[in-house]
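For reference, the chains in residue letters:
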Amino acid sequence: MDYIDSKLKESPVHEMTFRGRTYFLKRDDLINPFFNGNKARKFDYYLNSDLSSYKKIVSYGGNQSNAMFSLSVLAKIKNLQFDYYLKPLPLFLKKNPVGNFKYALEFGMNYFELPNYEEFFQKMSSPEKTYDKSGKDALLIRQGGAEKEAEQGVEKMADEIHKWADENGIKKLSIFIQSGTGTTALYLQKHLNFKVYTTPNIGNSEYLLKQFALLDDDSSNYPVILETEKKYIFGKPYKEYYDIWKEISEENTIEFELLYDPKTLIALSEHNKNIKGDIMYIHSGGIVGNETMLARYKYLGLI
Ligand SMILES: *Cc1c(COP(=O)(O)O)cnc(C)c1O
């Protein structure tokens, strides 16, 4: 593939304004058009590894997952087959593939619908990587890339932030980043000399702490978890999510992401007054998924 080489370029830092405050914005969405955001960070290790002893990459998760799309690109670059396991698909998506699902198919993903997905998920997600029904020639990557292998690429992000802060004479900085599985936020805090704040999107703080503990038992490496006042259900379209996404995207003429950014931005707007000094927000990419999110907002009559 000529549009991506195995060395991902550093992401630039821009400025953004949001509700009367100026922030630094780390543009991980600009790492590469096909392979970007925190999935590029989390899969950087594999991108730089010799995977020629494998025939295929195997993973599983949601039908609109950013990780799924990124892995389809990784498999293509590495000349491997990509098998993806998921819950039975909604008929409309099967007939009219859109968003991450469509692009992953274009990159050659094979998918397998599992009526007993939950059972499969439990086995696959066990901490020991013992369960491997696909054989030795398959590289298993857990849902969302929640893996120790993610550390190396996220450490690079921390290095880039240190270097940038040095060059710009910034001594005190606070980082805001979204969490799904919490893998990125955890490894970022582990390698960063600045404080990392994160907002749980998939579950609550308790879920996120459990996730941190699966990857690292040293709680001094854990980021600070900031909740929003209101509770939200992951993946559900909320009018205020769309509104905050539209507001910040238009104000800065930068497209933000509709699944993880809104709740994190609500948390940012609720908590930023307590944080002195410069704040850096991480744009973790994933805007390919906006297409399907926007379609759902329209379908529900929210926009
Ligand atoms: C996957 C993803 C996340 C969640 O990352 P974790 O490491 O699982 O916490 C956040 N934002 C975007 C855009 C993502 O694609």
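What counts as what
- Residues numbered from 1 in each chain as written.
- Predicted model: local features only at pLDDT ≥ 70, side-chain atom pairs only at ≥ 80, totals over all residues.
- Heavy atoms only, no water.
- Domains from an automatic or database assignment.
- Contact = heavy atoms within 4.5 Å.
- Buried area = accessible area lost by both parts, 1.4 Å probe.
- Salt bridge = Lys/Arg side-chain N within 4 Å of Asp/Glu carboxyl O.
- Polar contact = N/O pair within 3.5 Å; in protein donor to acceptor, adjacent residues only side chain to side chain.
- Helix = DSSP H or I, 4+ residues; strand = E, 2+ residues; numbered from the N terminus.
- Nonpolar A, V, L, I, M, F, W, Y, C, P; charged D, E, K, R; others polar.
- Near = heavy atom within 4 Å.
- Areas by Shrake-Rupley, 256 points an atom, 1.4 Å probe, with all protein chains shown as cover.

### A few points about the domain arrangement of the protein chain
In step 1: The domain boundaries assigned to the protein chain delineate domain 1 (13-34 + 149-299) and domain 2 (41-146).
In step 2: Distance from the C-alpha centre of domain 1 to the C-alpha centre of domain 2: 24 Å.
In step 3: Facing 24 residues of domain 1, the contacting portion of domain 2 comprises 20 residues.
In step 4: Across the interface of domain 1 and domain 2, roughly 1,800 Å² is buried in total on both sides, 55% from carbon and sulfur atoms.
In step 5: When the buried area of domain 1 at its contact with domain 2 is split by residue, Phe34, Glu149 and Val288 rank highest and sum to 30% of it.
In step 6: Summed over the shared surface of domain 1 and domain 2, the number is three salt bridges.
In step 7: In this structure, the salt-bridge partner of Arg41 is Glu160, at a minimum N-O distance of 3.1 Å.
In step 8: The tally of links from domain 1 across to domain 2 stands at three residue pairs in polar contact (both at pLDDT 80 or more).
In step 9: Every element with two or more residues in the side of domain 1 that touches domain 2 is listed here: α6 (151-167), α7 (183-191), α8 (205-215) and α11 (290-299).
In step 10: For the side of domain 1 that touches domain 2, the per-class residue count stands at nine nonpolar, eight polar and seven charged.

### Comments concerning the site of the ligand
In step 1: Lys39, Asn66, Gly180, Thr181 and Thr184 are the nearest of the 15 residues found near the ligand.
In step 2: Between the ligand and Thr181, the relevant distance is 2.5 Å, taken from an oxygen atom to a side-chain nitrogen or oxygen of the residue.
In step 3: Here an oxygen atom of the ligand sits 2.8 Å away from a polar atom, N or O, in the main chain of Gly182.
In step 4: Within the complex, 97% of the 380 Å² of free accessible area of the ligand lies under protein.

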